[in-house]
Amino acid sequence: MSIRFDRKVAVITGAAMGIGGATARKFAELGASVALLDRDTAELEKTATALGKNARAYTCDVSKGEQVEHAITSAARDFGGIDVLVSNAGIQRYGTAASTSEETWDEVLETNLKGFFLASKYALPHLLARGGGAIVAVGSVQSIAALGNAAAYVASKHGVLGLTRALALDYARQNVRVNCVLPGAIDTPMLRWAASLDPDPQHVLESCDRMHALGRMGRPEEVANAIAFLASDWASFVTGAALLVDGGMMVPAGGMGFQESGTGARAK
Ligand code: NDP
């Protein structure tokens, strides 16, 4: 058995760039036909064109039910069905409960959590029509822990893990496996944008490296590898799982700063 997706069709949201772009490349490389969904039409077309004839672009905002239904129905019609959904599209916004506007809260929850619900809702009938399939959601280490000043994002990513488990349970007997990856800091346009909000972006990027036990940020293709594994037959007995892809970020008690601060924990 090898990780191949020949004759399979994968729908990937947020596929224009970053983790979604790397995932689209990975599935195409492994033999799948890929339907790329994103709201950034120009970047989406570029990414799809680079993948060749087995890739197609579908512009859609994942927070809008009609658009998601239309994109997924079109993809199923164009490729003859759907076997895999990767729900990846997401946005990052900062704020505490007090400083986050209602509008920003809705934007984050509607993109990160409702977007996953809508993509699943409209992809599932196609997976079931094929006798089963796999869904992989992109959560975050913030699905199981919190970073400061990110109330809406943390809540949305905890929700992604909750929905992963709910879907896994509801569809297990129909041969649909549903899992979630929890990335640490990954070097993508989103992360670069977040760093640019700071007066010293380079300092932020270096801190991101140090947050991980492995001493560096992750690369989008390292998350794509984990997604491909979970969507493949190699993970045939894995459902409802949350797979950390975080370079050991969640391992050290008290965080890496505490480990490096000269306490007894530092002595070897
Ligand atoms: P990027 O911003 O680099 O890429 C995300 C893509 O999704 C963009 O093309 C973006 O378009 C698109 N997108 C955003 N909102 C929507 C929407 N409503 N409808 C359709 N497309 C949309 O992000 P990353 O690759 O970094 O992140 C991908 C996922 O991984 C997200 O869910 C994120 O939360 C998660 N993640 C990322 C981490 C990181 O360190 N990078 C760490 C942990 C989790 P646009 O440019 O217009 O916004």
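This text gives an overview of the structure that appears in the document.

Now for the overall build of the protein. Broken down by element type, the protein carries 9 helices and 7 strands. Its C-alpha radius of gyration of 18 Å places the protein within 12% of the 18 Å reference for a compact globule of 268 residues. Oriented by its inertia axes, the alpha-carbon framework of the protein measures out at about 60 × 45 × 35 Å. Sequence-distant contacts in the protein: of pairs separated by 6 or more residues, those separated by 24 or more amount to 68%. Total accessible area computed for the protein in this model is approximately 12,700 Å², and 54% of it derives from carbon and sulfur atoms. Charge separation in the protein, taken as the distance between the mean sites of 25 positive and 27 negative side-chain charges, equals 7 Å.

The end-to-end C-alpha distance of helix H8 (residues 220–231) is 17 Å, a good match for the 16 Å that 12 residues give at a rise of 1.5 Å each. Every buried residue of H8 is listed here: Pro 220, Val 223, Ala 224, Ala 226, Ile 227, Ala 228, Leu 230 and Ala 231.

Next up on the list: unusual backbone geometry. Positive phi is not limited to glycine here, since Arg 7 has a value of about 65 degrees. Position of Arg 7 relative to the elements: it lies in the segment before strand E1 (9–13). For Arg 7, a relative accessible area of 77% gives the class exposed. The backbone of Asn 175 shows a phi angle near 70 degrees, a positive value even though the residue is not glycine.

Once that is clear, we can look at the side chain of Gln 92. By the element assignment, Gln 92 lies in the loop between strand E4 (84–87) and helix H4 (102–129). Within the structure, Gln 92 has its side chain in polar contact with the side chain of Tyr 94 (distance 3.4 Å).

Around the ligand, the structure places 28 residues, and the nearest of them are Arg 39, Asn 88, Tyr 153, Ile 186 and Thr 188. Contacts to the ligand include Asp 38, whose side-chain N or O atom sits 2.8 Å from an oxygen atom. For the ligand, the protein covers 90% of the area, taking 880 Å² as the surface of the free molecule. The dominant element in the shell around the ligand, judged by the number of residues it contributes, is helix H6 (residues 189–196), at 3 residues.

Analysis parameters
Residues numbered from 1 in each chain as written. Predicted model: local features only at pLDDT ≥ 70, side-chain atom pairs only at ≥ 80, totals over all residues. Heavy atoms only, no water. Helix = DSSP H or I, 4+ residues; strand = E, 2+ residues; numbered from the N terminus. Rg over C-alpha atoms; globule rule 2.2 N^0.38 Å. Contact = heavy atoms within 4.5 Å. Areas by Shrake-Rupley, 256 points an atom, 1.4 Å probe, with all protein chains shown as cover. Lys, Arg positive; Asp, Glu negative; His and termini not counted. Charge placed at Lys NZ, Arg CZ, Asp CG, Glu CD. Expected span 1.5 Å × (residues − 1). Buried < 20%, exposed > 50% of the residue type's maximum accessible area, 1.4 Å probe, protein only. Polar contact = N/O pair within 3.5 Å; in protein donor to acceptor, adjacent residues only side chain to side chain. Near = heavy atom within 4 Å.

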